[in-house]
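# Overview (structure and organization)
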Amino acid sequence: MELKRVVVTGLGALTPLGLTAAETWNNMKAGVSGAGPITLFDASKFKTRIACEVKNFDASLYLDKKEARKLDRFTQFALVAAAEAMKDSGIEIEKINRRKAGVLWGSGIGGIQQITDELRDFYKGDGTPRFNPFFVPKMILDIAAGQISIKYGFHGPNYAVCSACATSTNTIIDAYNMIRLDKSSIIITGGSEAPITIPGIGGFSSAKAMSERNDDPLTASRPFDADRDGFVCGEGAGALILEELEHAKARGAKIYAEVAGGGMSGDAYHITAPHPEGIGAQYVMENVLEDAGITIDKIDYINVHGTSTPMGDGIELKAINRVFGEKIYDINISSTKSMTGHLLGAAGAVESLACIMAIQEGIIPPTINQFNRDPEIDSRLNLTPNSAQKRVVNYALNNTFGFGGHNASVIFKKYSD
């Protein structure tokens with residue numbers, strides 16, 4: 001069976017850097033930090049009191065007010081980002097076969113705020129189990145995929161993926177495979193997350209995973225810096241329209257990039273810590289290169305997982321070095337989490353957008369907050385410090401790793417007929 005080619009024909013985003021894909025990308029290029037004090041709840045008693053929140057988001061500006069109240073914030077984000085991607089793609093719903101149009105969407109946590117609200121109200125009461133009838137459909141992490149499918153009447157594959165911080169890269173890979181195997185022609189894919197809640201921040205803080213640089217939030221996310229002290233939690237969504245090439249060409253769609261390959265692996269080591277030698281990270285990059293059918297010299301840019309944790313950043317670079325050898329010195333590396341914070345299950349989709357736009361515009365977004373480079377990191381590596389760099393990008397690789405040892409990588413390439 002001849003595999004179909006898969007291209008990206010639409011983009012959408014709602015992030016700490018902007019309410020659209022264009023605004024997000026422009027602020028990435030400019031090296032803008034999306035971090036600040038937490039405003040979504042009173043964090044004054046927490047060790048970590050900073051996060052990368054989506055600013056000025058009003059769900060009623062995008063969704064029917066009555067319907068919006070039935071949705072958790074992560075699903076609101078999903079619907080808004082998906083709507084932008086659909087509009088960007090120019091797809092005319094009445095002209096496509098909706099049995100071959102699907103939705104693969106993910107979230108690492110789902111409606112954690114709903115669980116918080118319902119249990120808080122229950123324990124405040126007299127013990128009578130008075131739960132909101134929308135509690136379960138607001139909370140479950142597959143509901144975003146379901147809501148998007150309902151909105152557009154897509155009758156093709158419709159399901160959720162959850163692999164912690166690798167989630168939305170896994171959704172992209174699944175969508176890619178579904179289309180290249182000719183099971184679908186169009187898929188809305190990506191991920192959304194709204195974890196800036198009392199249990200979300202409290203849990204990660206207790207795990208000592210997050211930065212406590214509360215007096216300087218703008219510079220708190222500093223991957224590869226010697227003074228990094230943990231990630232900054234972020235929220236938002238990223239959406240891609242993946243489409244079978246001939247289907248896209250037949251309707252005259254604009255094509256941002258082609259999906260070249262997807263790879264997955266497992267650390268098989270620890271529930272939260274990466275393998276100390278980066279074995280899983282090494283394997284996933286080798287797997288994605290094999291799936292793409294390309295050699296290491298083709299890669300121009302790697303958007304790394306790069307969360308700003310003391311352990312993880314160095315381990316990932318070790319793995320990259322083992323895969324790419326001396327070629328690594330010719331590759332631009334950057335962590336856009338230095339600007340967006342860590343969007344958990346939505347990270348892969350937003351960082352894929354960065355890879356796609358780097359290919360489109362020939363611009364590498366920077367790793368900001370590079371003040372005192374970790375001396376254990378090879379000084380010859382081009383980490384794209386503090387400012388964007390221009391270069392031709394034909395192939396870009398995006399890494400994402402999640403708690404549980406889940407690793408997913410995807411490669412995008414410049415489209416040519």
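Position labels on residues start from 1 in each chain and follow its written sequence. Restriction of local features to residues with pLDDT of at least 70 applies here, the model being predicted, together with a cutoff of 80 or more for giving and counting side-chain atom pairs; totals for whole chains, interfaces and linings are based on all residues. Think of the side-chain values as coming from all heavy atoms in the structure, minus any hydrogens and water.

### Quick notes on the packing of helix α3 (residues 73–89) against helix α6 (residues 143–152)
Spelled out, the test is: Working convention: axes come from line fits to C-alpha atoms, limited for helices to the stretch in contact. Angles between N-to-C directions cover 0 to 180 degrees. Working definition: helices are DSSP H or I runs of at least four residues, strands are E runs of at least two. Numbering for both runs from the N terminus. Roughly parallel means an angle under 35 degrees; roughly antiparallel, over 145; roughly perpendicular, 65 to 115; everything else is oblique. Take the far helix as your reference; a near helix turned counterclockwise from it by less than a right angle gives a left-handed crossing, and one turned clockwise gives a right-handed crossing. Note on contacts: a residue pair is in contact if any heavy atoms of the two residues lie within 4.5 Å. Under the convention adopted here, Pro, Cys and the residues Ala, Val, Leu, Ile, Met, Phe, Trp and Tyr are nonpolar, Asp, Glu, Lys and Arg are charged, and Gly plus all remaining residues are polar.
Packing of α3 against α6 brings their axes to within 9 Å, and their N-to-C directions diverge by 40°. One element, α3, and the other, α6, form an angle in the oblique class. The way α3 lies across α6 gives a crossing that is right-handed. Between α3, through F74, T75, A78, L79, A82, A83 and M86, and α6, the contact on the second element is made entirely by I143, A144, Q147, I148, K151 and Y152. Within the contact of α3 with α6, the residues separate by chemical class into 10 nonpolar, 2 polar and 1 charged.

### Things to note about the nonpolar core
Heads up, the condition is: In this description, a nonpolar core means a group of buried Ala, Val, Leu, Ile, Met, Phe, Trp, Tyr and Cys residues linked to one another through side-chain atoms lying within 4.5 Å. Only protein chains enter the accessibility calculation, which uses a 1.4 Å probe; a residue whose area is less than 20% of its type maximum is buried, one above 50% is exposed, and one in between is partly exposed.
In this structure, V8, L11, L240, L242 and F412 are the most contacted members of the largest nonpolar core, which totals 41 residues. At the level of elements, β1 (6–14), α1 (21–30), α7 (167–180), β7 (236–244), β8 (257–266), α13 (347–361), β11 (363–364) and β14 (406–413) are the ones that each hand at least two residues to this core. With 10 residues, the top contributor of residues to this core is α13. Once residues within four sequence positions are removed from consideration, L240 is found in contact with V8, G10, L11, I172, I187, I188, T189, A349, S352, I356 and F412. Counting 33 residues, the second-largest nonpolar core is a separate cluster that includes L71, F74, L79 and I96.

### Considerations on the pairing of β1
Applied cut-off: Two strands are said to pair when DSSP picks up at least two bridges between them.
Counted residue by residue, β1 has 9 buried out of 9 residues, so it is predominantly covered. Note that β1 and β8 share 2 bridges and pair antiparallel. Note that in β8 the partner of V7 across the bridge is E258.

### Notes on the sheet that holds strand β5 (residues 158–161)
Within the open sheet, the 10 strands sit side by side as β5-β4-β6-β7-β1-β8-β14-β13-β9-β10. Their pairing is mixed. Since the sheet does not close on itself, it has two edges, and those belong to β5 and β10 (332–334), each with one partner. Each strand of the sheet is rotated relative to its neighbour by a mean of 25°, with strand direction disregarded. Its contacts with the sheet put α6 on β4 (101–106), β5 and β6 (186–193), and the angle it makes with β4 is roughly 155°.

### What to know about unusual backbone geometry
If a residue is not glycine, its phi is most likely negative; likewise, a peptide bond is most likely trans. One non-glycine residue with positive phi stands out, namely A164, at about 55°. When you line up the elements, A164 lands in the loop between β5 and α7. In this structure, N369 takes a positive phi of about 65° despite not being glycine. When you line up the elements, N369 lands in the loop between β11 and β12 (389–390).

### A look at helix α10 (residues 279–292)
Structural remark: α-helix, 3.6 residues per turn; residues separated by three or four positions point the same way. Counted only if it meets this: How far a helix is expected to stretch is found by multiplying one less than its residue total by 1.5 Å.
Across its 14 residues, α10 extends 20 Å between first and last C-alpha, which sits within 8% of the 20 Å expected from 1.5 Å per residue. For α10, every residue scored as buried is listed here: G280, A281, Q282, V284, M285, V288, L289 and A292. Among the structural elements, β8, α11 (312–324), β13 (395–402) and β14 are those in contact with the buried residues of α10. Just beyond α10, the residue with positive phi is G293, at close to 70°.

### What to know about the pattern of salt bridges
Let me state the cut-off plainly: Any carboxyl oxygen of Asp or Glu within 4 Å of a side-chain nitrogen of Lys or Arg constitutes a salt bridge here.
Taken as a whole, this structure holds 21 salt bridges when the rule is applied. A salt bridge links K254 to D88, with the shortest nitrogen-to-oxygen separation between them at 2.7 Å. Taken as a pair, K254 in the loop between α9 (245–250) and β8 and D88 in helix α3 lie far apart in primary sequence, 166 residues in all.

### Things to note about α13
Between its first and last C-alpha atoms α13 spans 21 Å; for 15 residues at 1.5 Å apiece the expected length is 21 Å, and the two agree. Counting buried residues in α13 gives 13 out of 15 residues, a clear majority hidden from the surface. Two residues or fewer after α13 comes G362, characterised by a positive phi angle close to 65°.

### Points about the environment of A144
Position of A144 relative to the elements: it lies in helix α6. Residue A144 is classed as buried on the basis of its relative accessible area of 0%. Excluding residues that lie within four positions of it along the chain, A144 makes contacts with F74, T75, A78, W105 and S192.

### Details of the packing of α10 against α11
For the pair α10 and α11, interaxial distance at closest approach is 8 Å and the crossing angle is 40°. Compared by their axis directions, α10 and α11 come out oblique. Crossing of α10 over α11 shows right-handed handedness. Contacts between α10 and α11 pair I279, A281, Q282, M285, E286 and L289 from the former with A319, I320, R322, V323 and F324 from the latter. Split into classes, the residues belonging to the contact of α10 with α11 amount to 8 nonpolar, 1 polar and 2 charged.

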